[in-house]
Structure formats: C-alpha cells, structure tokens
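Results of the structural survey
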2 protein chains.
Amino acid sequence: MEGLDTTSIVPLYKQLKDLILKQIDEGILKPNQKIPTEQELSELYQISRMTVRKSLAQLVDEGILAKKQGKGTFVQEPKITEDLSNPGSFTNLCKRNGKVPGGHTLKFMLTEATDRDIRELQLETGEQVIWIERVRLADNMPVMLENLYFPGHLKNILTENLDDSSLYQILKEKYGLHSGNSVMEIEISECNSYEASILEIKAGSPLLLMREIVYDQYDKPLHRSKSLIRGDKFKYISPRMNVIKSEK
Amino acid sequence: MEGLDTTSIVPLYKQLKDLILKQIDEGILKPNQKIPTEQELSELYQISRMTVRKSLAQLVDEGILAKKQGKGTFVQEPKITEDLSNPGSFTNLCKRNGKVPGGHTLKFMLTEATDRDIRELQLETGEQVIWIERVRLADNMPVMLENLYFPGHLKNILTENLDDSSLYQILKEKYGLHSGNSVMEIEISECNSYEASILEIKAGSPLLLMREIVYDQYDKPLHRSKSLIRGDKFKYISPRMNVIKSEK
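Summary of the structure given here. This structure is a prediction, so every number in the text was calculated from the model and none was measured. (Residues numbered from 1 in each chain as written. Chains lettered and ligands numbered in written order. Predicted model: local features only at pLDDT ≥ 70, side-chain atom pairs only at ≥ 80, totals over all residues. Heavy atoms only, no water.)

As for helix H1 (residues 12-25) of chain B
Counted at 1.5 Å a residue, the expected span for H1(B) with its 14 residues is 20 Å, and the 20 Å between its end C-alpha atoms agrees. All of the buried residues in H1(B) are Tyr13(B), Gln15(B), Leu16(B), Lys17(B), Leu19(B) and Ile20(B). Along its buried surface, H1(B) packs onto strand E4 (101-112) and helix H5 (115-120) of chain A together with helix H2 (38-45) and helix H3 (49-61) of chain B. Positive backbone phi, at 80°, marks Gly27(B), one or two positions downstream of H1(B). (Helix = DSSP H or I, 4+ residues; strand = E, 2+ residues; numbered from the N terminus. Expected span 1.5 Å × (residues − 1). Buried < 20%, exposed > 50% of the residue type's maximum accessible area, 1.4 Å probe, protein only. Contact = heavy atoms within 4.5 Å.)

Observations concerning the sheet that holds strand E9 (residues 221-230) of chain A
A sheet is described by the order of its strands in space; here eight strands give the open sequence E4(A)-E5(A)-E6(A)-E9(A)-E8(A)-E7(A)-E10(B)-E3(B), paired in mixed fashion. The outermost strands of the open sheet, each flanked by one partner alone, are E4 of chain A together with strand E3 (80-83) of chain B. Going across the sheet, the axis of each strand differs from the next one's by a mean of 20°, ignoring polarity. Sheet topology note: the strand E8 (residues 206-216) of chain A/E9(A) ladder contains nine bridges and is antiparallel. Residue pairing in the sheet places Tyr215(A) in a bridge with Pro221(A) of E9(A). (Pairing = 2+ DSSP bridges. Axes fitted to C-alpha atoms, helices over the stretch in contact; angles between N-to-C directions.)

Let's talk about the interface of chain B and chain A
Opposite the 59 residues of chain B that make contact, chain A presents 58 residues. Of the roughly 4,800 Å² buried where chain B meets chain A, counting both sides, 41% is carbon and sulfur surface. The three residues of chain B that bury the most area against chain A are Asp61(B), Ile188(B) and Arg240(B), which together make up 16% of that side's buried surface. There are 18 salt bridges connecting chain B and chain A. Counting across the chain B and chain A interface gives 27 residue pairs in polar contact (both at pLDDT 80 or more). Mapped onto the side of chain B that touches chain A, the elements with two or more residues apiece are H1, H3, strand E1 (65-68), helix H5 (115-120), strand E7 (179-190), strand E8 (206-216), strand E9 (221-229) and strand E10 (234-240) of chain B. It is E7(B) that contributes the most residues to the side of chain B that touches chain A, 11 residues altogether. For the side of chain B that touches chain A, the per-class residue count stands at 18 nonpolar, 16 polar and 25 charged. (Buried area = accessible area lost by both parts, 1.4 Å probe. Salt bridge = Lys/Arg side-chain N within 4 Å of Asp/Glu carboxyl O. Polar contact = N/O pair within 3.5 Å; in protein donor to acceptor, adjacent residues only side chain to side chain. Nonpolar A, V, L, I, M, F, W, Y, C, P; charged D, E, K, R; others polar.)

So, in structure tokens, the structure goes:
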C-alpha cells in the first residue's frame, strides 16, 4: 500500500487528499463506494484524526466525497451539470456529461386545461392542452420526469412520433414557432409514490422541482413544463452578467 | 357549513377548489395544517372521490397544498421567492416577502485557504482567507446558513461590525470594490449534524446548496460563498432573455 511521506514539505492532510483523489481517478475507489472511517484512515496511514478530518472536510467541500448521516463517507458520483443560461436538449446535455441519453413517452394526449394551464398559457376557460409526460434516462437510469403542456390549438404535434424527432423541430416545421424568453422556477419537492415508481427511488425522496414557461418569438406562451429531477444526479449552474447600476 | 351548489354551471371540483382557497385565505385553514382526507371531503360535501381528487391534484400542482408521503395533505406555507437574475440583500428579500429579517454572525476570522479557496479566489498557496459564517433568520426562524470567503488581503473588513453594516458597503468604502459578474451553482445536499443544529432541522434533511463566486468590477474574484438553504422555505426564479440564434 502507498503510504504518506513524513519527510515531504507537502502537508500530510494534502498528501492524504491527493492519495484519495488518485484512488478515485484510477478507479480503486468507485462512485458511491464507502471509504474507510476517520479512525481507520488514521491507523492505516499513521496520522492523527485531526489530519484525516481536514483532508475529508476539503474533499466533501469539493463535492468529491459526500457524508451521509449515520452511514459514513462515500465517493460522490459526479453530477450532470446543466447551464441554466444556455440550456440545450437533454440529448446534448447527456453527451456533454459523458452519459448515454434515453427516454420514454408515458403520456401524449389532449386534456382539459387546469387553472394553472389557463393562467400560464393564457388560454380561455374550456380550452384544452396537449399533455406530454416523459421520463428521461441517463445511462439507462431514470433521472428526470418531465411534464409538458402546450396550448391545444397546436394539436397537429399529436400526430408526430416524439421518440424520433425533437418537439422544437416539429413546432418550427408545422407552425413556424420557436422558443424565445422564458421564466424558470426551482425548488425542492418530495416525490409521491407514482413519481417515485417512475424514477425508481423511495416515495418521499427529495427532488428538484423545476417549472418553466417558455414563450415563442412573439412572446406568446409556447408551453409550460414541470420537471422532477433527481437531485443526486443533477446540478445547475447559472452565470450572471451584472448590469452595473448607477453609482450613487 | 358552506356547501357546494349542484345546480351551478361551475363544475363541482372547481367549487371545492375555490372553497379550500377561500378557507386558506380567511385563515380557517392555516399554513402546515392537515386538511381532511379524500374520503372525508367526499362525505362532507357529498361528492365523488374522483371530484375531490381532481380538486386536490390541482391545488397540489399550484403549490397551495402539499402531499406528504404517508402523512396526508397539508396547507403549504408560501415559500420566500428569490429572483436569481436580480438578487438583493437578504434584508430586502425578507421585506419583499413579508418576513422580518434577522441573523447572527457565527464565525468571522482569518484562516488558511483551502484548495477550493485558492482555485476560486485565484490565491497563491499559503495565502489566507477571511471566513464569515452567519445564520439568517426570517420571522425568527433560521432559514439559511451562509459561509463567505474573501481573499485575505481584504482583512481590514475584519475590524468592522457586520451586524450593523452591509459587507458590500464596507468593501466599497474601504477598498472601492463592488460586485460585478458572478457564477452560481445550485443542487440538493443533505445537511450534517452541525448544519442541522444551526438550522433547527433533522440531520440528513435535504437542503438547497448554493455556491457562488462573485467578481469585482475588474473581474477579479471578490468572494466565494456556500449557502445552505431550507428548501421548505425558499424557492428561486430565473427569467431568461433568449438571445435569438441565427436561423439555420
């Protein structure tokens, strides 16, 4: 076993940190694998628990390791990162993150608009919506349950095979519409038993709930969506260019 | 007790929905209060369980009610909403959301920079950082645990009383620096026992973890932050102005 070098000018906590990073890099430690306890690492490398604690704290802060309450410290599987300022298709997102994309359409139907549909899609009472529910897979694992609602007058999209073509492609070809501005909302939500069964997790697990209203090039609502996202698989980044305010 | 009107043209599910909204509005149903079960509502208002289910599903979808796995359906406390594209101070955020802001500084010290500090704040190895940890209160309830890290050379801010003045005010007055661009990252995280004790929740509870690097007007890192946010109290919105891409 590789040891630490007590004669080196590199601090011991840093040596242990680098050693763990190397073991992850080389696949000796695998994603979701439990690492030895502080006590075990301290004995293994003949260093103080304080030193071990410092190494692990930094690796947790870096998102390399994750502490699970009452269970131990684990190698964190890297999360798929979506850039909110420049969202692409799920397919591209997966590819950029080295995952194989997949998915199934679970619902694709015309249905009665809810009050939320009427408000957000600016419909009249009694109008219908096209409801599309689909589950998204990354490396064959369900990671996102997506519900999309389009105004009912776009019902020609119902004749299309969603699995073969992109919705936006269809909207552009059939209606000359493309997406413009949008408003996004993100929060934590507990999943119910239906959502849990689709996402293959325990009912009541915390998920990221993302809602969006997407407008077309004329600033008319194009669709709304509600996505339930496995928080253990995804994170979101958002760069912000600050508009400098007047200097009072 | 107010009943439903079977002779009305307003559908029964809509009448029940409006009735529940009215009871919430009038304070008859209070935030976090459990509402009757489907079965009970069905008997109470002499309507089918299907109709009750439809009302409740829409109220859950609207974020007015929340289903808790194995516990029932509850009146959801409105979440504090922060606009990511225009973040203000915590004080203003609370005021806009009708909450009384508060807080304590838990740590305010010069300490050794971690690898993350060195990378994100563009420091030299061996440099120090100013570490500020504070808990933020809304209506006297801890809602956010904030850790801020500033480059050590800004150490004059250590002589200030943070409780009385805004950090940004101090940076502007002492150093002529103000915030410019930033990069934000958001994900779900499980809180550890220390974080749980500060936020007065159970260890292992899911939290929103937000990390930010804020740059100054010269695009040099001004600080980084790591905030743990109670997901049951906060949500985030982000409007996005789409830059229309070339039409190929």
